[in-house]
2 protein chains.
Amino acid sequence: MWVNQNVFDDPRITAVGLLVEAHAGLSARFAAQFEEHGLSPVEFEVLTRLARSPGNQLRMTDLAAQTSLSTSGVTRVVDRMERDGLLTRRACPSDRRSSYAVVTAAGLQRLDETLPGHLRIIEQWFTGQLDPEALRALLDGLRRVRDAVHPGATAGSTGPVLIGGEAPAGRC
Amino acid sequence: MWVNQNVFDDPRITAVGLLVEAHAGLSARFAAQFEEHGLSPVEFEVLTRLARSPGNQLRMTDLAAQTSLSTSGVTRVVDRMERDGLLTRRACPSDRRSSYAVVTAAGLQRLDETLPGHLRIIEQWFTGQLDPEALRALLDGLRRVRDAVHPGATAGSTGPVLIGGEAPAGRC
DNA sequence: AAGCAACTATAGCCGTGACAATATTCCCGA
DNA sequence: TCGGGAATATTGTCACGGCTATAGTTGCTT
């Protein structure tokens, strides 16, 4: 009836442990490098999502859907980043409820400064740790898991994070 | 000079995206199931770490080292869990600075109720998504990355999370 | 045309956890 | 033996972000 010590040697537990620890370790490296450029992980994520979107802009709602933040969370991080000059709010003329977050030149510049180091870290601690064959296998596996747990399929998911490149077309 | 749109198609970026999204999706499933049993992810982590340690106990510092929390964070989560009857503080007789967090019977019971569903979710959304061969390849890759980024090797890492089963021997 | 439900962004309130400061205790070297 | 530096846990303070309520806007339905 009580928890058995051997439970913690269950291969499922160790598998999750590997995923969690690999993710945590990488995230820590990323965060440290972001900080060198005055960015938090969330700010980097926002900058990236905006920069890869058509017109370098995204509605607040869509930005929330593409990040790990709620809409109110987006409101606040956009507040901070607007204050820091990394982006601007722009009203949507065709729908007065919506407003856009638009990356400024300074924001693109900042991202431009941050990305090379970011890619270097990924290569150093992740992709470069494996030979091409093993990396392909790892990514295939991750893709399968990602597609399975893809939040779009979840009912009670808190943050509806969209898959990678997805970028809804703005109507303004 | 400006950020190139194609940067976001860089295989390194997409690789990290897969890892992050797979982790986020799984974490959300886990959190939902924990909540069914009145546990937060952190509380589950604490309960697990304690239950797998000799004597079902761990010094506050060691608990912090094995979780994603700082020592002050541990103080607070232990406060809450002690209030909820999931664990108890116990003074260390041989070192009056230290105190132990000890799982109570109620804490073990709670963990006992939570673990089966947790294992089921892991199997359903993670390990069961891949055939044994692919799973082995995935775990091998994750292990390589985990060992590389292992926080023990990091200088400026915030939370010194220890590797999986590591459990320092208490002297009390 | 009117009303109503859905959508959008924001603000209030609160829990969480990190950082720095603090008090206590331990340990080692002079 | 004694003094100072390291270790340990806790608390004050703060930033962050989720949930809910709210105000404004849109568009559909009748």
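The text that follows walks through the structure, step by step, so that each part is easy to find.

### As for the interface of chain B and chain A
Counting residues at the interface gives 57 residues for chain B and 57 residues for chain A. Both sides of the chain B and chain A interface together cover about 5800 Å² of buried area, and 72% of this is carbon and sulfur. Its largest share of buried area at the contact with chain A, chain B owes to B:F8, B:R12 and B:L18, together 12% of the area lost on that side. Along the contact surface separating chain B from chain A lie four salt bridges. Note that A:E123 and B:R12 form a salt bridge whose closest N and O atoms lie 2.9 Å from each other. Where chain B meets chain A, there are 10 residue pairs in polar contact (both at pLDDT 80 or more). Elements represented by at least two residues in the side of chain B that touches chain A include exactly helix 1 (11–36), helix 2 (41–51), helix 5 (105–125) and helix 6 (132–149) of chain B. Among the elements that take part in the side of chain B that touches chain A, helix 1 of chain B stands out by supplying 14 residues, more than any other. Here the residues of the side of chain B that touches chain A are counted per class, giving 33 nonpolar, 13 polar and 11 charged.

### Topic: the protein's contact with DNA strand D
Residues in close proximity to DNA strand D total 23 residues, the closest being A:S70, A:S72, A:R80, B:T61 and B:R89. Contact distances for DNA strand D include 2.5 Å between a phosphate oxygen and a side-chain N or O atom of A:R80. Within the backbone of B:M60, an N or O atom sits 3.3 Å from a phosphate oxygen of DNA strand D. Elements that contribute at least two residues to the surface near DNA strand D include exactly helix 4 (71–83) of chain A together with helix 3 (60–66) and helix 4 (71–83) of chain B. The class makeup of the residues in the surface near DNA strand D is three nonpolar, 11 polar and nine charged.

### Regarding the packing of aromatic side chains
Applying the stated criterion across every chain yields a total of four aromatic pairs over all chains. Plain terms: the ring middles of B:F34 and B:F44 are 4.1 Å apart, the flat faces sit at 20° to each other, and that makes the pair stacked. Within this pair, whereas B:F34 is found in helix 1, its partner B:F44 is found in helix 2, the two being separated by 10 residues in sequence. A relative accessible area of 4% means that B:F34 is categorised as buried. Of the aromatic side chains, those joined through ring pairs into one cluster are A:F30, A:F34 and A:F44.

### Description of the environment of B:H23
As for its placement among the helices and strands, B:H23 is situated in helix 1. Given a relative accessible area of 15%, B:H23 falls into the buried group. With residues near it in sequence (within four places) discarded, B:H23 still touches A:L19, A:V20 and A:H23.

### So, the protein's contact with DNA strand C
With respect to spatial proximity, 23 residues lie near DNA strand C, and among them A:T61, A:R89, B:S70, B:S72 and B:R80 are the closest. Within 4 Å of the protein, the contacting atoms of DNA strand C are drawn from sugar and phosphate to the extent of 68%. Within the side chain of B:R80, one N or O atom sits 2.6 Å away from a phosphate oxygen of DNA strand C. Contributions of two or more residues to the surface near DNA strand C are made by helix 3 (60–66) and helix 4 of chain A together with helix 4 of chain B. Here the residues of the surface near DNA strand C sort into three nonpolar, 11 polar and nine charged.

### A look at the sheet that holds strand 1 (residues 57–59) of chain A
Residues and elements named next belong to chain A. Taken together, the three strands give an open sheet; going across it, the order is 1-3-2, and neighbouring strands pair in antiparallel fashion. The strands lining the two open edges of the sheet, one partner per strand, are strand 1 and strand 2 (87–91). The average angle at which neighbouring strand axes cross in this sheet is 30°, direction not considered. In this structure, strand 2 lies alongside strand 3 (residues 99–103), joined through five bridges in antiparallel fashion. The residue bridging A91 from the neighbouring strand is S99, located in strand 3. Contacting strand 2 and strand 3, helix 4 runs over the sheet at an angle of about 120° to strand 2.

### Some details on the environment of B:L47
All names here are of chain B. Tracing the sequence through the fold places L47 in helix 2. Overall, L47 belongs to the buried group, its relative accessible area being 0%. Sequence separation between L47 and G107 is 60 residues, and the spatial gap between their C-alpha atoms is 7.1 Å. Excluding residues that lie within four positions of it along the chain, L47 makes contacts with L39, M81, L86, V103, G107 and L111.

### A look at the pattern of salt bridges
Tallying each qualifying case throughout the model produces 23 salt bridges over all chains. With a shortest N-O distance of 2.9 Å, A:R136 and A:D140 are connected by a salt bridge. Taken together, the residues A:R136 and A:D140, both in helix 6 (residues 132–149) and four residues apart, mark about one turn of the helix. Judged by its relative accessible area of 43%, A:R136 is partly exposed. Two residues, B:E82 and B:R89, come together in a salt bridge whose shortest N-O distance is 2.7 Å.

### What to know about helix 6 of chain A
Here helix 6 of chain A is 18 residues long and its end C-alpha atoms lie 26 Å apart, about the 26 Å a rise of 1.5 Å per residue gives. Taken together, the buried positions of helix 6 of chain A are occupied by A:L135, A:A137, A:L138, A:L139, A:G141, A:L142, A:V145, A:R146, A:A148 and A:V149. At its buried positions, helix 6 of chain A is contacted by helix 1 (11–36) of chain A together with helix 1, helix 5 and helix 6 of chain B.

What counts, and where the lines are drawn
Counting starts from 1 at the beginning of each chain's written sequence and moves along it residue by residue. The lettering of chains begins at A and the numbering of ligands begins at 1, in the order of writing. Owing to the predicted nature of the model, reporting of local features is limited to residues with pLDDT of at least 70; listing and counting of side-chain atom pairs is limited to 80 or more, with chain, interface and lining totals taken over all residues. Only heavy atoms go into the side-chain values, all of them from the structure, while hydrogens and water stay out. Contact between two residues is taken to exist if any of their heavy atoms lie within 4.5 Å; hydrogens are not considered. For any pair of parts, buried area is found by adding up, for both, the accessible area (1.4 Å probe) each one loses once the two are put together. Definition used for salt bridges: Asp or Glu carboxyl oxygen within 4 Å of a side-chain nitrogen of Lys or Arg. Counted as a polar contact is a pair of N or O atoms within 3.5 Å, where, for protein atoms, one must be capable of donating a hydrogen and the other of accepting one, and residues adjacent in sequence contribute only when both atoms are in side chains. The way it works is that DSSP assigns letters per residue, a run of H or I at least four long becomes a helix, a run of E at least two long becomes a strand, and they are numbered from the N terminus. We call Asp, Glu, Lys and Arg charged. Ala, Val, Leu, Ile, Met, Phe, Trp, Tyr, Cys and Pro are nonpolar, and the rest, Gly among them, are polar. Here a residue is considered near a molecule or strand provided that any single heavy atom belonging to it is located within 4 Å of it. Only the six-membered ring of Trp is used, alongside the rings of Phe and Tyr, when aromatic pairs are assigned; centres must lie within 6.5 Å, and planes under 30 degrees apart are stacked while those over 60 apart are edge-to-face, with the rest tilted. Throughout this description, buried means an accessible area under 20% of the type-specific maximum (1.4 Å probe, protein chains only), exposed means over 50%, and partly exposed covers the range between. Pairing between strands is defined by DSSP: at least two bridges between the two strands are required. Comment: axis = line fitted to C-alpha atoms, over the contacting stretch for helices; angle = value between 0 and 180 degrees taken between N-to-C directions. The span expected for a helix works out to 1.5 Å for each residue beyond the first.

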